[in-house]
Amino acid sequence: MKKSIVPLVAGAALAVTAVSASAATLDDVKAKGSVQCGVSQGLPGFSNPDAQGNWSGLDVDTCKAIAAAIFGNGDAAKFTPLSAKERFTALQSGEVDVLTRNTTWTMSRDTDLGLNFTGVNYYDGQGFMVPKDLGVSSALELSGASVCTNTGTTTELNVADYFRSHDMDYEVVAFEKADEVVAAYDAGRCDVYTTDQSGLYAQKLKLTNPDDHVILPEIISKEPLGPAVRQGDDQWFNVVKWTLFALINAEELGVTQDNVDEMKNSDNPSIKRLLGTEGSFGESIGLDKEWAVNAIKAVGNYGEMFNRNVGPDTELGIDRGLNKLWSDGGLQYAPPVR
C-alpha cells in the first residue's frame, strides 16, 4: 500500500511545484520588461514579418495590446516564430508567455495539454484550395486527391473525418512548416491545399500565380482561434483574457484609437468603467487604471484591428462574417467591465 502512495504523493508535489512556478507570469513579464508571444512563422494578416523583421497582423496586434495594457507601450511585445508542432511545447516550457498564433481552441488542448484559451479573436473554419485547371467546384469532387497540409494541427483530423464521412479516398502530403506546405502545393506536389480558410486567403498571396487558384465553398469544421496561456496562473489568464475583451467592448461602445482620450469624458457608465475613470478594474488584475486605454491606443478596438489586418480593404479581403459584433449578427461578444 505504501509503495502505491509514494508515487502519488511525489506526483502531487511535482504538480504543486509546476503550478507555483507558473503562477507569477505577470511579475516575470514586468521584471523582464516585455511580453514574449509565440506567433506563426509567417501568415499574412495574422502574424507576418517584413524584410526588416517588423511583425504585423491580427495575432501580432493581440500581443501588442497585452503589452500595452501592462507597460503602456505596444513596443514591449516580442515575438517568437513557432511551427504548429513546436507551439505548445514552447508555451508549456515557458519559452513564450502567451501563444497568439492562429491556434484552434479544442477540448483536448484545454485538458490534455494544460492550456487555457482566453477567448476567440477570429472565428474560422477549415476549407480547401485547388488549382482552377483541376476543374473542381466542390470539395465533394475531391475523391482520390492528394492533400497538402501541416503536421501537428487539427486540419489532418478534420480532413480524415470529412473524407471518411463522404466515403472518399485521399492521400495526405504533410509538412511541419507552413511555407513548406505552400511550396509543395505551388509546385504541384498535391492537388489540394487545406487549412483554416483565413490561412488559405493568406497563403494564396504567396503562390506564383494566385489568380490561378480558387478556394472552394465548403467549410468543414469549427475553428475558433484565440490566445492561449498555461494553466495554473489565474492572474495572467485574466490579464490576457480581459485585454481581448476590452478591445471587443471598445468597438461596441464606439471607443477608437483616435477618440479614446476624448471618450474618457463620457458620461456612459460602461465607457467610464472600461477606460478607468470609474472603479478599480485594472487594479483587480494587477494593472493600472489605464490598462484598457493603453491597449486601445496601441492597436485600436477589435473592429479597427480586424479591418487593418485582414478586412475587405486589405490584400486578403476577408469579410467580417462571423467576426462581426453580436449586435451586428456576428459572434463577437465580450462580458462587460463592471
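Residues numbered from 1 in each chain as written. Predicted model: local features only at pLDDT ≥ 70, side-chain atom pairs only at ≥ 80, totals over all residues. Heavy atoms only, no water.

1. Here we look at the overall build of the chain
Our working definition: Counting from the N terminus, the helices are DSSP H or I runs at least four residues long and the strands are E runs at least two residues long. Note that the radius of gyration is over C-alpha atoms, with the globule rule given as 2.2 Å times the number of residues to the power 0.38. Relative accessible area decides the class of each residue, using a 1.4 Å probe on protein chains only: under 20% of the type maximum gives buried, over 50% gives exposed, and in between gives partly exposed. Should any heavy atoms of two residues lie within 4.5 Å, those residues are considered in contact. Surface accessibility follows the Shrake-Rupley procedure with a 1.4 Å probe radius. Residue values consider only the protein chains on display as shielding. Charge counting follows a simple rule: Lys and Arg are positive, Asp and Glu are negative, and His as well as the terminal groups are ignored. Each charge is placed at NZ for Lys, CZ for Arg, CG for Asp and CD for Glu.
Tallying secondary structure elements over the chain gives 13 helices and 14 strands in all. On C-alpha atoms alone, the chain measures out to a radius of gyration of 21 Å, which is about the 20 Å that the 2.2 N^0.38 rule sets for 338 residues. Projected onto its principal axes, the C-alpha positions of the chain cover 65 × 60 × 40 Å. Each of the 338 residues in the chain was classed as buried or not, and the buried ones make up 52%. Here the analysis covers contacts within the chain between residues at least 6 apart in sequence; of these, 72% occur between residues at least 24 apart. Counting only carbon and sulfur atoms, one obtains 50% of the accessible surface of the chain, whose full area is about 15200 Å². Distance from the positive charge centre (28 side chains) to the negative charge centre (46 side chains) of the chain: 7 Å.

2. Description of the layout of surface pockets
Where empty space is left can be seen by rolling a probe of water-molecule size over the atoms. Here is the rule: Whether a set of points on the 1 Å grid over the protein atoms alone is a cavity depends on a 1.4 Å probe fitting there but being unable to get out, while an open set qualifies as a pocket with protein on both sides within 12 Å along at least five of seven lines; lining residues are those with an atom within 4 Å of a point. Grid points are joined across faces, edges and corners, and a volume is the space filled by probe spheres set on the points. Amino acids outside the nonpolar list (Ala, Val, Leu, Ile, Met, Phe, Trp, Tyr, Cys, Pro) and the charged list (Asp, Glu, Lys, Arg) are all regarded as polar, and Gly is one of them.
Space inside the largest pocket adds up to approximately 200 Å³. The wall of the largest pocket is formed by 14 residues, among which Tyr-122, Tyr-123, Asp-124, Gln-197 and Ile-318 lie closest to the centre. When residues of the lining of the largest pocket are traced back to their parent elements, those giving at least two are β7 (122-124) and α8 (197-204). Broken down by class, the residue content of the lining of the largest pocket amounts to 6 nonpolar, 5 polar and 3 charged.

3. Considerations on the pattern of salt bridges
We apply this condition: A carboxyl oxygen of Asp or Glu within 4 Å of a side-chain nitrogen of Lys or Arg is what we treat as a salt bridge.
Scanning all chains against the criterion turns up 9 salt bridges. The salt bridge involving Asp-61 is made with Arg-308; its shortest N-O contact spans 2.6 Å. One end of the pair, Asp-61, is in helix α3 (residues 58-71); the other, Arg-308, is in helix α13 (residues 302-309), and 247 residues separate them in sequence. Of the charged contacts, one joins Glu-290 and Lys-264 as a salt bridge, the two residues approaching to 3.2 Å between their closest N and O atoms. One end of the pair, Glu-290, is in the loop between α11 (269-274) and α12 (291-299); the other, Lys-264, is in the loop between α10 (260-263) and α11, and 26 residues separate them in sequence. Taking relative accessible area as the criterion, Lys-264 reaches 23% and is therefore assigned partly exposed. Linked by salt bridges that have partners in common, Asp-261, Lys-264, Glu-290 and Lys-297 make up one network.

4. Examining the packing of aromatic side chains
Inclusion rule: Two rings from Phe, Tyr or Trp (for Trp, the six-membered ring) form a pair when their centres are within 6.5 Å of each other. A pair whose planes differ by under 30 degrees is stacked, one over 60 is edge-to-face, and the rest are tilted.
Counted by the stated rule, this structure contains 12 aromatic pairs. For the ring pair Phe-46 and Tyr-122, a centre distance of 5.2 Å and an interplane angle of 80° mean the geometry is edge-to-face. One end of the pair, Phe-46, is in the loop between β1 (35-39) and β2 (48-49); the other, Tyr-122, is in strand β7, and 76 residues separate them in sequence. Of the two residues, Phe-46 and Tyr-122, both sit in the buried class.

5. As for the sheet that holds strand β12 (residues 213-215)
Under the convention used in this document: Think of it this way: DSSP has to see at least two bridges between two strands before they count as a pair. As a rule, the C-alpha atoms of each element are fitted with a line to give its axis, helices using only the stretch in contact, and angles between N-to-C directions run from 0 to 180 degrees.
Ordered by their spatial adjacency, 5 strands build an open sheet running β10-β9-β11-β8-β12, and the pairing between neighbours is mixed. Where the open sheet ends on each side, the last strands, each with one partner, are β10 (170-175) and β12. Averaged over neighbouring strand pairs, the angle between their axes works out to 30° when direction is ignored. Here helix α7 (residues 178-186) sits on the sheet in contact with β8 (126-131), β9 (145-150), β10, β11 (192-196) and β12, set at roughly 155° to β9.

6. Structural notes on empty space enclosed by the protein
Scanning all chains against the criterion turns up 1 cavity of 30 Å³ or more. Here the largest cavity defines a volume of roughly 300 Å³. Lining the largest cavity are 25 residues, and of these Arg-101, Asn-102, Asn-150, Thr-153 and Thr-195 sit closest to its centre. Secondary-structure elements contributing two or more residues to the lining of the largest cavity are α6 (154-165), α7, β11 and α8. Its residues assigned to classes, the lining of the largest cavity comprises 4 nonpolar, 14 polar and 7 charged.

7. As for the state of the cysteines
Using the following cut-off: Whenever a pair of cysteine sulfur atoms sits within 2.5 Å, that pair is classed as a disulfide.
Applying the stated rule across the entire model yields 2 disulfides. Between the sulfur atoms of Cys-37 and its disulfide partner Cys-63 the distance amounts to 2.0 Å. Sign of the S-S torsion, about 85° for the bond between Cys-37 and Cys-63, identifies this disulfide as right-handed. Of this pair, Cys-37 sits in strand β1 while Cys-63 sits in helix α3, and the two are 26 residues apart along the sequence.

8. Let's talk about the nonpolar core
Defined as follows: To define a nonpolar core, start from buried Ala, Val, Leu, Ile, Met, Phe, Trp, Tyr and Cys residues and group those joined through side-chain atoms within 4.5 Å.
Counting 57 residues, the largest nonpolar core has Val-35, Ile-70, Trp-236 and Leu-275 as the members making the most contacts within it. With 10 residues, the top contributor of residues to this core is helix α9 (residues 234-253). Excluding its chain neighbours within four sequence positions, the residues that come into contact with Trp-236 are Thr-25, Leu-26, Val-29, Val-35, Ile-66, Ile-70, Asp-97, Val-98 and Val-229. Residues Phe-128, Val-147, Met-168 and Val-192 belong to the second largest nonpolar core, which totals 14 residues.

9. Describing the packing of α9 against α13
Counted only if it meets this: In this scheme, roughly parallel covers angles under 35 degrees and roughly antiparallel covers those over 145, while 65 to 115 is roughly perpendicular and the rest are oblique.
The geometry of α9 relative to α13 is characterised by a closest axis approach of 6 Å and an angle of 100° between their N-to-C directions. The angle between the axes of α9 and α13 places the two elements in the roughly perpendicular class. Counted together, Leu-247, Ile-248 and Glu-251 of α9 and Tyr-302, Gly-303 and Met-305 of α13 form the full contact between these two elements. Grouping the amino acids of the contact of α9 with α13 by side-chain chemistry returns 4 nonpolar, 1 polar and 1 charged.

10. Examining the packing of α3 against α12
Formally: Each crossing is labelled by how the near helix is turned from the far one, with a counterclockwise turn of less than a right angle marking it left-handed and a clockwise turn marking it right-handed.
Running from N to C, α3 and α12 point in directions that differ by 145°, and their axes come no closer than 7 Å. The crossing of α3 and α12 is right-handed. In this structure, α3 uses Asp-61, Lys-64, Ala-65, Ala-68 and Ala-69 to contact α12, whose residues at the interface are Trp-291, Asn-294, Ala-295, Ala-298 and Val-299. Taken together, the residues of the contact of α3 with α12 sort by class into 7 nonpolar, 1 polar and 2 charged.

What is shown is where atoms sit, not what they do.
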